[in-house]
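# Analysis of the macromolecular model
Given next are the chains, with one letter for each unit.
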Amino acid sequence: HIVSDGWSMGVLIREVVALYTAFSAHHLSPLPELPIQYADYAVWQREWLQGEALDAEVAFWREQLAGAPQAIDLPADRTRPPVHGSAGHHLRFTLPKSLVAQIHSLARQEGATLYMALLAAFEVQIHRYTRLADFLIGSPVANRQHRELEDLIGFFVNTLVLRARVPGDLSLPDLLAQVRETTLAAFGRQDLPFEKLVQSTEVARDTSRSPLFQILFVLQNAPAQTLALPDLTLEVLEPESGTSKFDLTLSMMETAEGLHGFLEYSTDLFDATTAARMLGHFRNLLEELATDHRRHISELSMLGIAERRELLAAWNDTRTEIPALSFHRLFDLQVRISPDAPAVVGNGTVLTYQDLNHQANQLARHLRELGAGPEVRVGIALERSPAMLTALLGTLKSGAAYVPLDPSHPRERLAMILADARPAVLLTGERLQGELPVPEGCRVVCLDGAWDEGGLLAAEASEDLAEDASLESPESLAYVIFTSGSTGKPKGVQITHGALVNFLFSMQRAPGLGASDVLVAVTTVSFDIAALELFLPLLVGARIELAGREEVSDGALLAARIASSEATALQATPAGWRMLLDAGWPGDPGFKALCGGEALTPDLAERLLPLVGSLWNVYGPTETTIWSAAGRVEPVSAAVAAPTGSIPIGPAIANTTLYVLDQYFDPAAVGVMGDLFIGGSGLSRGYLGSPEMTADRFVPDPFAGKAARGARLYRTGDLARRRGDGTIDFLGRADHQIKIRGYRIEPDEIAAVLAKHPGVRETVVVARKSAIGDPRLVAYLIPGDPAPAFDDLRGFLRDKLPAYMLPTDYVMLESFPLNPSGKVDRRALPAPEAAVAADRELALPETPTEETLVAVWEQVLGRTGIGIHDNFFELGGHSLLAPQVISRVEQTFQIRLPLRTFFESPTISATALNIDLLLLEEIEALTEEEAAEMGVSVV
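Note that the structure is a prediction, hence the values are computed from the model and not measured. (Residues numbered from 1 in each chain as written. Predicted model: local features only at pLDDT ≥ 70, side-chain atom pairs only at ≥ 80, totals over all residues. Heavy atoms only, no water.)

## Observations concerning the overall build of the protein
Scanning the protein from N- to C-terminus turns up 29 helices and 31 strands. Principal axes of the C-alpha set define a box for the protein whose edges measure 125 × 75 × 55 Å. Taking all 939 residues of the protein together, 53% fall into the buried category. Of the contacts made within the protein by residues no fewer than 6 positions apart, 69% connect residues no fewer than 24 positions apart. Carbon together with sulfur atoms contributes 53% to the accessible area of the protein, which is approximately 41,100 Å² in total. Distance between charge centres in the protein, computed from 78 positive and 120 negative side chains, equals 6 Å. (Helix = DSSP H or I, 4+ residues; strand = E, 2+ residues; numbered from the N terminus. Buried < 20%, exposed > 50% of the residue type's maximum accessible area, 1.4 Å probe, protein only. Contact = heavy atoms within 4.5 Å. Areas by Shrake-Rupley, 256 points an atom, 1.4 Å probe, with all protein chains shown as cover. Lys, Arg positive; Asp, Glu negative; His and termini not counted. Charge placed at Lys NZ, Arg CZ, Asp CG, Glu CD.)

This is how it looks when you write it as C-alpha cells:
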C-alpha cells in the first residue's frame, strides 16, 4: 500500500500479459499513452481537499460518527497487549455458488447488493459476539470514481468507517434497509482520506488498538484478470504474510465457483481454532439468512449442530442418582455407623455423634410441642458453639426449616429479617435474648443449660423420632437464608431438603470427604456456605472443629487451630486464605483447600498449590444451594487465567446445568460472553414472600425437554463465557451486585437505606478498588440543606446495616454525571478523597507511639490523612486486615497486643495507650540488673 493497491495489481497483470504477448511475437507495445499520472491525481486531491470542500467532508463524517463507541472487544483468547502488534495469520474459505446465489436473490428482493447482505450478516455476528448495538466497522473502497483513474497504478484505495446500528430485535429486512442507507451515504463521501478523518475528528488514541475501528470488512470488486502467457503455465500463489493489520479482517471475492475469501486475525488475541469457529458462525448465519430472510435477529443462530449439542448437552451431562431422603435421616444412618466418633468440637466441648443425635432429638420433640413441623420456620440466633449445630439439626429433625441469624447484625436489620421470616419459635441464648427484636406470636426458647440435669430439655426422650412420610419429603423446606436485596431490604432464599442433599452428596464425591477427615468450620451460620462446613462432615462420619470468632479473624490463631486439631480440610474465601497464608501457615500435603465466595485469582492459587494436597475452586449463588460448580485447580489452569484474571469455574456438580446464554436466550458460542444461568436439582423455591422477584430471577428452562416440564433456570446476573474445554470464565456482573470478602452485597440496598436520611437528596453506592487492591464501598450523595455530617451518616447506617455493608467513604457532589440514556454514569464518578471527613479537624498524633501507628495504618489501609480518633473499620479496615496491624505492632514494639483488644478499641489513640501500658508492664517487671543492662530507669 505504499505505492499500490489491489485494483492496481489487476492493471499490472493486464499490462504485463499484453506486453509479454506483444514482445514475444516481436511486436511493439499495444498500450496507449496514459493521459494522466498518479502524481497528477495527488496534486488534484491536495488542491481540492481544503477550505469549504474539506470542511463539508469533515462535517459529514463527524455527524456520522458522533457518539459512536470507538473500541470493540471481541471474544479473544488472550488479553489485549498494551501495544497493538502486527502478528497475524490467515484462514481461507469458500462459500458455495448455490449459497451465494441465494444471498444475491434476497439482496435483490430488498433492493440491496451482495455487499450489503454480507455486511448485514457480519454485523449480526459482531453484535452477537459483543452485545453492542452500536459499533464501527472499516471497509475499503477502490476510490476510482473517474474514468481516467481506472488504468493507473498507484495507491487510490480509501478506508470508510461504517456505523453499524443493531438496536433491539430488528427484522432482517429492516437491518438490510439500514445497512443500505448507511453504506450508500458513506460511499457517496469516500473522497476524504482516512488519515484526514482521524486527524479531523476527536479520536481517543490508544496504543493497544487501531483508531476508530478494529474490524475490517472487504468484498473485492476489482476486475479479475486472467494470468495466461504464450508457452507458459502459471499458478497464482497466496503467501502467508504472518501479519494482521487489524483484530479481524474478513475479505471475500466473488468468482465463478462462489465466494473465495480469508479471515485475517491477530495472533496476539486469537487462536486458530477460535478463528475457524468464527468462520463457521459467519457461514451458519448466511445459511440462516438464505433459509428465511424475513426473520428477526433473535431468531437466528450462529451455532452448528455439533456446537449446540456440546454447549447444551455434553457439558451438562451431570445426571446422578441421589437418595430421596432428608438430610437429618441421612445423619441418623451415620450415627448408627459411628455413634462414639467425635462429631463436633468447640468452646471446650466435644459431642460424639450419639451425643449430638440425642440432644437434637430432644430439641426436635420440644419444638414439635411448640408447633414446629413442615413449612414452619424456626429462627436461630446463637453464639458459635456445639449448641448452635444442635439447634440446626434439632430444627430439621422436627420437620421445620431454620432461619439463621447473626447476633452481631444491627437490631433494625434483624427486625426486618424476623418480620419477613415470621418464625414460630426463636432459639437463642440468655445473653442475646433481651437484644433480639422478637416478633409478636414468636415463642423464645433459651438453650443455655437446656440439656443439663433439670434443664428445659432434660426430660425429653432422646431416641430417634418415628419416621413420618410427611416430614421426609425432598420438597420440604430445610432453611431460609437472607441475602442482600436491591430493594433496600434483605430477601429470604428458600432451600429444600432435596436441594441440600443433592449438594452434599455431590461434594462428598468431589472434592470428597471421608470419616477420617477433620474440617475446620470458620463461616458464620447466616452465610449459606456454613451448611457445607456443618453438614457435609456429619454425612460421612468426619469431625467438625468449630473455630471461635477470634480464631476466624486471626490468621495465627486459625493456623494454630488447624495444627492442633490435625485438620485435613478448610473452606474459606480468597481473603480468608490470604489471611492464613500471611500468618505463615505451612500447609499440609494431604490438605483439601476449598476456595469460594469470590473469584480465585492466579496469584493466590499459585501460593496455595504447593502447600496443599488439592485446591478446589467452588462457585455458586445462594439461590442454587451453596456451590453449583467445583473444579480442581491444577498448576496449568492457575497459570492460564481468564481476561479478568481469575481461575475458570466448573464443572457443574451433580444434577446441575450451567448455561451461558446470549441476550436472545440462545446458547452463547464458545468464547463469547453471555449471562450465566443455572438449572437442576439445586434450585431454591425462590424468595420468601416475593413471587414477583422470584418470577423475574427464576425463568422457564427451554432446554429441559418434555420429561422435565416445569423446570426452571436461575438468572445469576453473572457474566461468563465457555472455554473450549467446557470450563467457564467468570467475567463480572451484569448488574451492580458485588462480593466483598465473600459477602454478597447489593449496593442499591445500601443506597436505599442511605436515601432515608433527612440530609440526603439522592445517592448512589459503588465499589472501588483501594490502593491496596481491596474493593471498598463508596457512597456518593447529593446533600440536602443543611448537608449532613459524615459521622452522622456513618452512625445512621451503622444502626441499620451489618458492618460489611458500611461505606468507607462519603463523597458529596452537586450533581451526578449522566450517560446518554440519562442514568448515573458510575464510571464517571470521581475518585473519593483519601482524607477523613472534611467537616471536622484532623486529630494529629501527639506521642511517638501514635506517630508510628499512623504510619502503620496508612500502609495497611492504603490511604493517608488518618486521625488518631478515626475508627479503623470505618476507614475500610476489616477483620482480615486487623491481623496485619497486630503483626506490624509486634515487629515494631516487640510486644504481643491481643487482637481482641484492637477490635474493642479500634482507634490509634486507644491502641497507642494499650501499647504503652503493655510496655510499662514489661518495664516494671524488670529487675534492677535487667534495667541497668538495658539502660532503663524505672520511675
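## What to know about the sheet that holds strand S29 (residues 760–769)
Hydrogen bonds along the backbone pair up the strands of a sheet, which may run parallel or antiparallel. Ordered in space as S29-S30-S31, the 3 strands form an open sheet in which the pairing is mixed. Strands at the two margins of the open sheet, each flanked by one partner only, are S29 and strand S31 (809–812). Each neighbouring strand pair of the sheet contributes to a mean axis angle of 25 degrees, computed without reference to strand direction. Of the pairings in the sheet, the one linking strand S30 (residues 775–783) to S31 comprises 4 bridges and is parallel in character. Bridge pairing in S31 places Ala779 opposite Tyr810. Across the sheet, helix H23 (residues 747–754) touches S29 and S30, and the angle it forms with S29 is around 150 degrees. (Pairing = 2+ DSSP bridges. Axes fitted to C-alpha atoms, helices over the stretch in contact; angles between N-to-C directions.)

## A few points about the packing of helix H15 (residues 497–512) against helix H16 (residues 530–540)
Where H15 contacts H16, the axes come no closer than 10 Å and their chain directions differ by 70 degrees. Compared by their axis directions, H15 and H16 come out roughly perpendicular. The crossing of H15 and H16 is right-handed. Facing Leu500, Phe503, Leu504, Phe505, Met507 and Gln508 of H15, the residues of H16 in contact are Ala531, Leu532, Phe535, Leu536, Leu539 and Val540. Here the residues of the contact of H15 with H16 are counted per class, giving 11 nonpolar, 1 polar and no charged. (Parallel < 35°, antiparallel > 145°, perpendicular 65-115°, else oblique. Left-handed = near helix turned anticlockwise from the far one by under 90°. Nonpolar A, V, L, I, M, F, W, Y, C, P; charged D, E, K, R; others polar.)

## Things to note about the side chain of Ser210
Structurally, the position occupied by Ser210 is in the loop between helix H7 (194–200) and strand S4 (215–220). Judged by its relative accessible area of 12%, Ser210 falls in the buried class. Within polar-contact distance, the side chain of Ser210 engages the backbone oxygen of Phe213 at 2.5 Å. (Polar contact = N/O pair within 3.5 Å; in protein donor to acceptor, adjacent residues only side chain to side chain.)

## Some remarks on the nonpolar core
Ranked by size, the top nonpolar core spans 170 residues in total, and within it Phe327, Leu534 and Phe535 carry the most contacts. Take this core: its biggest share by element is 12 residues, from helix H5 (residues 114–130). Setting aside residues up to four positions removed in sequence, Phe535 forms contacts with Phe327, Leu389, Leu392, Leu396, Tyr402, Leu500 and Leu504. Listed in part, the 27 residues of the second largest apolar core include Val522, Ala567, Leu581 and Leu600. (Core = buried A, V, L, I, M, F, W, Y, C linked by side-chain atoms within 4.5 Å.)

## Details of helix H12 (residues 386–397)
In a regular helix each residue adds 1.5 Å, so 12 residues correspond to 16 Å; H12 covers 16 Å between its end C-alpha atoms and thus fits that length. For H12, a buried count of 11 out of 12 residues is recorded, marking the element as mostly surrounded by other parts of the structure. Every buried residue of H12 is listed here: Pro386, Met388, Leu389, Thr390, Ala391, Leu392, Leu393, Gly394, Thr395, Leu396 and Lys397. Immediately beyond the C-terminal end of H12, within one or two residues, lies Gly399, with a positive phi of roughly 95 degrees. (Expected span 1.5 Å × (residues − 1).)

## A few points about the sheet that holds strand S17 (residues 569–572)
An order of S8-S7-S16-S15-S17-S18-S19-S20 is seen for the 8 strands of this open sheet, with the pairing classed as mixed. Edge positions in the sheet fall to strand S8 (349–352) and strand S20 (629–632), since each of these pairs with one other strand and no more. Averaged over all pairs of adjacent strands, the angle between their axes in this sheet comes to 20 degrees, without regard to strand direction. Direction of pairing for strand S19 (residues 612–619) relative to S20: antiparallel, over a ladder of 4 bridges. Counted as the bridge partner of Val618 is Ala630 from S20.

## Comments concerning the packing of aromatic side chains
Scanning the entire structure with this criterion turns up 26 aromatic pairs. The structure contains a cluster of three or more aromatic residues connected by ring pairs, namely Tyr38, Tyr41, Trp44, Trp48 and Phe156. (Phe/Tyr/Trp six-rings, centres within 6.5 Å; stacked < 30°, edge-to-face > 60°.)

## Side note on the environment of Arg863
Relative to the helices and strands, Arg863 is located in the loop between helix H25 (848–861) and helix H26 (882–893). For the pair Arg863 and Ser210, spaced 653 residues apart in sequence, the C-alpha separation works out to 37 Å.

## A short note on unusual backbone geometry
Omega for the bond connecting Ala510 with Pro511 falls within 30 degrees of zero, at 15 degrees, which places this linkage in the cis form. Cis geometry is adopted by the peptide bond preceding Pro651, which originates at Gly650 and carries an omega value of 0 degrees. Its place among the elements puts Pro651 in the loop between helix H21 (635–639) and strand S21 (656–661). Here His26, not a glycine, exhibits a phi torsion of approximately 60 degrees, which is positive. With relative accessibility at 75%, the residue His26 sits in the exposed group. The phi dihedral of Phe665 falls on the positive side, at around 65 degrees, and the residue is not glycine. On the accessibility criterion, Phe665 (28% relative accessible area) is partly exposed.

## Quick notes on the confidence of the model for the protein
Per-chain confidence: the protein averages 88 in pLDDT, with 94% of residues scoring 70 or above. When the elements of the protein are averaged for pLDDT, helix H29 (residues 928–934) gives the smallest value, 63, and strand S15 (residues 518–521) the largest, 98. This model gives residues 834–840 a pLDDT under 50, and the stretch forms 17 contacts once residues within four places in sequence are excluded. (pLDDT = per-residue confidence, 0-100.)

## Thoughts on the packing of helix H10 (residues 327–337) against H15
Relative to each other, H10 and H15 sit at 45 degrees, their axes nearing to 9 Å. By the angle between their axes, H10 is oblique relative to H15. Seen from H10, the contacting residues are Phe327, His328 and Leu330; seen from H15, they are His497, Leu500, Val501, Leu504 and Phe505. Residues of the contact of H10 with H15, tallied by class, amount to 6 nonpolar, 2 polar and no charged.

## Some remarks on helix H24 (residues 790–798)
It helps to recall that an α-helix has 3.6 residues per turn; residues three or four apart then point in one direction. All buried positions along H24 are accounted for by Phe790, Leu793, Arg794, Gly795, Phe796 and Leu797. Its buried side turned inward, H24 meets H23, S29, S30 and S31.

## Quick word on a nonpolar patch on the surface
Where nonpolar side chains cluster on the molecular surface, the patch consists of Met9, Leu12, Val16, Tyr20, Ile153, Leu227, Leu232, Leu234 and Val236 and spans about 740 Å² of accessible area. Mapped onto the elements, Tyr20 comes out in helix H1 (residues 6–24). Tyr20 gets classed as partly exposed once you look at its relative accessible area, which sits at 34%. (Patch = residues over 30% accessible without salt bridge, like charges linked within 9 Å, V, L, I, M, F, W, Y side chains within 5 Å. Salt bridge = Lys/Arg side-chain N within 4 Å of Asp/Glu carboxyl O.)

## As for the side chain of Thr390
If you trace the backbone, Thr390 turns up in helix H12. A residue is classified by how much of its surface remains accessible, and Thr390, at 0% relative accessible area, is buried. Among all residues touching Thr390, those that are not within four sequence positions of it are Leu351, Leu356, Gln359, Ala360, Leu363 and Trp451.

## Here's the deal with the pattern of salt bridges
What the rule picks out here adds up to 44 salt bridges. Salt-bridge contacts for Asp666 lead to Arg128; the nearest nitrogen and oxygen are separated by 3.7 Å. In this pair, Asp666 is assigned in the loop between S21 and strand S22 (674–680) and Arg128 in helix H5, connecting sequence segments 538 residues apart. Accessibility classification places Asp666 together with Arg128 in one group, the buried group.

## Quick word on the state of the cysteines
A complete count under the given rule lists 0 disulfides for this structure. Between Cys442, a cysteine without a disulfide, and Cys446, which holds the nearest cysteine sulfur, the sulfur-to-sulfur distance is 14 Å. (Disulfide = S-S within 2.5 Å.)

## Digging into the pairing of strand S10 (residues 401–404)
Of the two faces of S10, the one holding Ala401 and Val403 and the one holding Tyr402 and Pro404 are both buried throughout. Between the parallel pair strand S9 (residues 377–381) and S10, the chain is carried across by H12, and the sense of this crossover is right-handed. (Right-handed = clockwise from strand over helix to strand, strands pointing away.)

## Let's talk about the environment of Phe135
With respect to the element layout, Phe135 can be found in strand S2 (residues 134–141). Along the backbone, Phe135 and Ala68 are 67 residues apart, and their C-alpha atoms lie at a distance of 6.3 Å.

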